[in-house]
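# What the coordinates show
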Amino acid sequence: MRVCMACRRLLRADAVRCPADGAAPEDVETLPRGARLGSHRIDRMLGQGGMGFVYEATHEVLNRRTAIKMLRPELAKVGPIVTRFLNEAKAVNLIAHENIVNVYDYGDGVDGSVYFVMEFLEGQTLGELMRERQPMQVPLCLHVFGQIARALDAAHRKKIVHRDLKPPNVFVIAREDNPYFIKLLDFGIAQLRGEGAEEELTAVGTVMGTPQYMSPEQILGGAVDARTDVWALGVMLYRAATGQVPFKGERLAELTEQILHHALRPPSALVPLPATLSKLIERCLERRIDARCQSMSELLAGFERVKQEQGLDDHAILAAVRADAGVAPVPALAGPAGPQAWPRPPGAAAWPAHAHAHAHAAVSAPAHAAVPAPAHAPTPSTAPASRRSRIGLYVGLGALAGGLGSAAFVALGRGDAPVPASTTPPSASTTPPGASTTPPSASTTPPGAALVPPGSRAPQHPAAGDRAGWRAAAERDLRGALADERSPQQQVLAVDALEAARVPAGAPLLYAALKASSPEVRVKAARALGELALPDSAPRVRDALADAGDKLKIELAAVLYRLGDKDARAILRRALDSAATRLTAAVAMAEAGDDAGRAALAELLVATPAGREPWRRAAGALARLGDAKARGLLAGELVQPDAARAVGAAELLARAGDAAAKAQLARNLADPEFARPGSAAVALARLGDRRGLGWVPRGLASANADERKLALAVCGALAADAAVHATAIARLAAEDPDPRVRMTAEAVLLGL
């Protein structure tokens, strides 16, 4: 390759001078830092393989980090190789699934370069996760492999077979609320049979793949189809569930002999596993292709059977996954089944109570195919400390094919996990609470959906149109939940509801929550009061400061400092010295015009990976202070394929006065294909923009609990204009099967 070392542009192989500046080019094997490839600037090389290189790069206009996969120059002249290389980008975009790495662009320049541009991922490979979880516990297996199976099912429906499934080609990241979000990589030897397929590039008899995960038909050079991917997924699932590979061999001949002829040892013979799961893994590893699990859809149905037999609902699954990742659990209400006792590997100690405190569920709770499959966690303390602090690089390089693997930067860390969709809500009709005396059917209301356990507090619904009665009932229910010290879970739900609604009338309840015995409840209440920023809350917050613990004291001091209490500065200044409290203190100080806080935020912005919640908070606070760098970084987030990240960045920029960002939120809301219209509606509503109200009827009637909550949040932000929806909101408060939605509706009613 020839590069002009003056302007850093890649030139034709026969170039004598750079046409732009006349400088003499230099021959290089790999692109140097600062080299320009199309609109991208190369930052560093992540890795290389037999076919080419993977670089970290930045789009020079959009300021978006990317990974660029580039063929070696000598291979970029070989037509079949270029076609296969292009097929990877084509396959990914034909499938268009959230659990498959995004490919943004493809380049075939006059300089001879052939490359494509992918999203830049932060996380770890599935292989690394399996080494940390050896063996991986049942619920986490189901959560992770459910996502892989759904991605492959989407690929197979487009008649695309991956053919090289293996742990290095599965990437695990934290996204939105899911600490174990899967991204499937490297469709480099994928077989395209349907739309977009080229002439067949791989003749029958050609062996392609990685030996340990190859199916018998691949080894024998026969025709392959979706069931070949089923086999490979079965091998990975066997390894994850047992800590061992199903077939072993030091040499290729020995390994293939094992795969073709060795009797499989049932997974349940190695570790305690549900019989249904063990049999399902065995079906994936049937040598006879017609006896094997026939599709990813069939495999997913098997996962659902395991989930139902284990008595899990999606909320309990989510709580278990969050516990495994070491993040705060999502509150859940106990169903009649109580906490579930999980199998554990031989010799392991019983799970401590706090490890599965929220991993309980009602046996008859409905399954939701659209959310991750069940996952279960050991105690967070068992997770190696290195998983949350180590930084490394991953480059997957195909072992057998010598191909170029997908690359991603690994900066380990965890986020929150997704809140699952609930059952279909009551119709957002005009029927007010209490108008029907027929109880919800047991088949549609999941156990544990009552606001409190049956018999402890009888709900009292006011008559139709009695808005004052609705408010009184809502306050009574929320106050009762906050006062129930026996159930911190309900207290957290109530505070979260008040924070989502953000109505000033909820402040007295938040003051009461500041006196709760649960530190989590008190901290959440302090943060919710900070969002309300009511001047008359200062005396109540100051009173709570007297007997607050360290973490709560910082949160309360942050509220007070924003409200003009300069005495709180001393507390916040000390908090800057602690990594655990630095961000909270820095944001509050910076927003109050304190230079020490602003300097701390600038340091945090540099030290934190883009897109993470601390990074967003730091960037948002600096942007509101007019920091040009922070605004530029947030602008780079606007083109993220992750809709939640893009909306979050747009809201932060709009709060900083960026009219273009606000316009983008409006476009997102109006776009019928946009994945997060509710998030855009809430962002606009909290900016005082009434356009979000148009989405509210759809949101209130949605089958997805998250969308119902977002619609309620819009109503809370625009309470003066949301009175038209009062009856529908009251109905959700009285009858919604999801306790989070019911409480949020009650919180919104306080302001109507």
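Up top is the structure.
Numbers given for residues are sequential positions, taken from 1 along each chain in its written order. The model is predicted, so local features are restricted to residues of pLDDT at least 70 and side-chain atom pairs to those at 80 or more, both for listing and for counting; the totals for chains, interfaces and linings are taken over all residues. Hydrogens and water are ignored here; the side-chain numbers use all heavy atoms of the structure.

## What to know about the overall build of the protein
In this text, helices come from DSSP runs of H or I with a minimum length of four residues, and strands from runs of E with a minimum of two, each type numbered from the N-terminal end. Counting its secondary structure elements, the protein contains 28 helices and 16 strands. Burial here depends on accessible area, computed with a 1.4 Å probe over protein chains only, as a share of the maximum for the residue type. Under 20% is buried, over 50% is exposed, and the range in between is partly exposed. Burial statistics for the protein: of 752 residues in total, 57% are counted as buried. Here the Shrake-Rupley method, with its probe set to 1.4 Å, supplies the accessible areas, and only the displayed protein chains count as covering residues. Carbon and sulfur atoms make up 52% of the accessible area of the protein, which amounts to about 29,800 Å² in all.

## Notes on the packing of aromatic side chains
Two rings from Phe, Tyr or Trp (for Trp, the six-membered ring) form a pair when their centres sit within 6.5 Å of each other. Planes less than 30 degrees apart are called stacked, planes more than 60 degrees apart edge-to-face, and all others tilted. Tallied over the full model, the rule gives two aromatic pairs. Taking the centre distance of 6.1 Å and the plane angle of 40 degrees together, the rings of F53 and Y55 count as tilted. By relative accessible area, which is 0% here, Y55 ends up buried. Judged by centre distance (5.8 Å) and plane angle (5 degrees), the rings of W231 and F247 are stacked. One end of the pair, W231, is in helix α5 (residues 226-242); the other, F247, is in the loop between α5 and α6 (252-261), and 16 residues separate them in sequence. According to the relative accessible area criterion, W231 is buried, its value standing at 0%. Judged by its relative accessible area of 1%, F247 falls in the buried class. Only Lys NZ and Arg CZ are tested; either one counts as a charge over a ring when it is within 6 Å of the ring centre and within 35 degrees of the ring normal. The ring of Y104 is capped by R64, whose NZ or CZ atom sits 3.8 Å from the centre of that ring.

## Some words on the pairing of strand β9 (residues 114-119)
With respect to burial, β9 is a largely interior element, six of its six residues being buried. Two strands are counted as paired when DSSP detects at least two bridges linking them. Where strand β7 (residues 65-71) lies against β9, five bridges are found, and the strand directions are antiparallel. Along β9, the bridge assignment pairs A67 with M118. Strand direction decides the pairing type here: strand β8 (residues 103-108) and β9, joined by five bridges, are antiparallel.

## Focus on the sheet that holds strand β6 (residues 52-59)
Read across the open sheet, the six strands follow the order β4-β5-β6-β7-β9-β8; overall the sheet is antiparallel. Every interior strand has two partners, whereas the edge strands, β4 (36-37) and β8, have only one. Where β4 lies against strand β5 (residues 40-48), two bridges are found, and the strand directions are antiparallel. Within β5, the residue paired with R36 across the bridge is R41.

## Digging into the sheet that holds strand β13 (residues 178-184)
Pairing within the open sheet is antiparallel, and its three strands lie in the order β10-β12-β13. Edge positions in the sheet fall to β10 (123-125) and β13, since each has one partner strand and no second. Sheet twist, expressed as the mean angle between neighbouring strand axes with direction ignored, is 30 degrees. Across three bridges, β10 lies against strand β12 (residues 170-175) in antiparallel orientation. Bridged to T125 within β12 is F171. For helices, the fitted line uses only the C-alpha atoms of the stretch in contact; every axis is such a line through C-alpha atoms, and the angle between N-to-C directions lies from 0 to 180 degrees.

## A few points about the pattern of salt bridges
By convention in these notes, a salt bridge is any Lys or Arg side-chain nitrogen within 4 Å of a carboxyl oxygen on Asp or Glu. Per the stated rule, a full pass over the model turns up 33 salt bridges. Of the charged contacts in the structure, one is a salt bridge between R36 and E60, with a shortest N-O distance of 3.0 Å. Of this pair, R36 sits in strand β4 while E60 sits in the loop between β6 and β7, placing them 24 residues apart in sequence. Its relative accessible area of 28% is what places R36 among the partly exposed residues. For D736, the salt bridge is made with R708, and the minimal N-O distance between the two is 2.7 Å. Placement of D736 in the loop between α27 (726-735) and α28 (739-749) and of R708 in helix α26 (residues 705-717) is noted, with a sequence separation of 28 residues between them. A single burial state applies to D736 and to R708, both of which are buried. Linked by salt bridges that have partners in common, E119, R175 and K183 make up one network.

## Comments concerning the packing of helix α23 (residues 659-670) against helix α24 (residues 677-686)
Relative to each other, α23 and α24 sit at 140 degrees, their axes nearing to 8 Å. If you check the angle between α23 and α24, you find them oblique. Regarding α23 and α24, the two cross each other, and that crossing is left-handed. Between α23 and α24, the residues in contact are K662, L665, A666, N668 and L669 and P677, A680, A681, A683 and L684, respectively. In this scheme, roughly parallel covers angles under 35 degrees and roughly antiparallel covers those over 145, while 65 to 115 is roughly perpendicular and the rest are oblique. By convention the crossing between two helices is left-handed if the near helix lies anticlockwise of the far one by an angle smaller than a right angle, and right-handed if it lies clockwise. Whether two residues are in contact is decided by their heavy atoms, any of which lying within 4.5 Å being enough.

## Comments concerning unusual backbone geometry
Between Q134 and P135 the backbone carries a cis peptide bond, its omega angle lying at 0 degrees. On the secondary structure map, P135 appears in the loop between α2 (126-132) and α3 (138-157). Unlike most non-glycine residues, K159 shows phi in positive territory, near 65 degrees. Tracing the backbone through its elements, the reader meets K159 in the loop between α3 and β11 (160-161). At A533, a position not held by glycine, the phi torsion is positive, near 50 degrees. By secondary structure assignment, the location of A533 is in the loop between α14 (519-532) and α15 (538-545).

## Re the pairing of β5
In sequence, β4 turns back onto β5 through a hairpin of two residues, with G38 there showing a positive phi of about 65 degrees. Where β5 and β6 come together, seven bridges link them in antiparallel fashion. Paired with R44 across the bridge in β6 is E56.

## Some details on helix α22 (residues 643-655)
A turn of α-helix holds 3.6 residues, and therefore any two residues three or four places apart point the same way. By this rule, a helix spans an expected 1.5 Å times one less than how many residues it contains. Over its 13 residues, α22 extends 18 Å from the first C-alpha to the last, a length consistent with the 18 Å expected when each residue adds 1.5 Å. For α22, the elements touching its buried residues are α20 (613-624), α21 (628-637), α23 and α24. In the stretch just after α22, G657 is the one whose phi turns positive, near 95 degrees.

## Digging into the environment of D177
Assignment of secondary structure puts D177 in the loop between β12 and β13. Separated by 145 residues in sequence, D177 and R322 place their C-alpha atoms 8.9 Å apart.

## Structural notes on the side chain of T584
With respect to the element layout, T584 can be found in helix α18 (residues 582-591). In this structure T584 comes out as buried when scored by relative accessible area, which is 9%. Dropping the residues within four chain positions of it, T584 is found in contact with I554, E555, A558 and R617.

## Quick notes on the nonpolar core
Residues L556, L572, L601 and I729 are the most contacted members of the largest nonpolar core, which totals 111 residues. Ranked by the residues each element gives to this core, the list is headed by helix α16 (residues 550-562), at eight residues. Discounting residues that sit within four places of it in the chain, L556 has contacts with L514, A526, V541, A544, L545 and A548. Among the buried residues, those of types Ala, Val, Leu, Ile, Met, Phe, Trp, Tyr and Cys that are joined through side-chain atoms within 4.5 Å form a nonpolar core. Counting 83 residues, the second-largest nonpolar core is a separate cluster that includes A154, A232, I259 and C293.

## Notes on helix α7 (residues 275-284)
Here α7 has its buried residues at L277, S278, L280, I281 and C284. The arc enclosing the buried residues of α7, seen along the axis, measures out at 160 degrees, which places them on a common side. Opposite the buried face of α7, at more than 90 degrees from it, the exposed residues are A275 and K279. Looking at the packing, one finds that the buried side of α7 touches α3, α5 and α8 (296-309). Directions are taken from the helix axis to each C-beta atom, and the arc is the one they span.

## Re the packing of α26 against α28
One way to put it is that α26 packs onto α28 with a least axis distance of 9 Å and a crossing angle of 10 degrees. By the criterion of interaxial angle, the relationship of α26 to α28 is roughly parallel. On α28, the residues that touch A705, D706, R708, K709, L712, C715 and G716 of α26 are R740, V741, T744, A745 and V748. Split into classes, the residues belonging to the contact of α26 with α28 amount to six nonpolar, two polar and four charged. As a working rule, the residues Ala, Val, Leu, Ile, Met, Phe, Trp, Tyr, Cys and Pro are called nonpolar, Asp, Glu, Lys and Arg charged, and the rest polar, with Gly in that last group.

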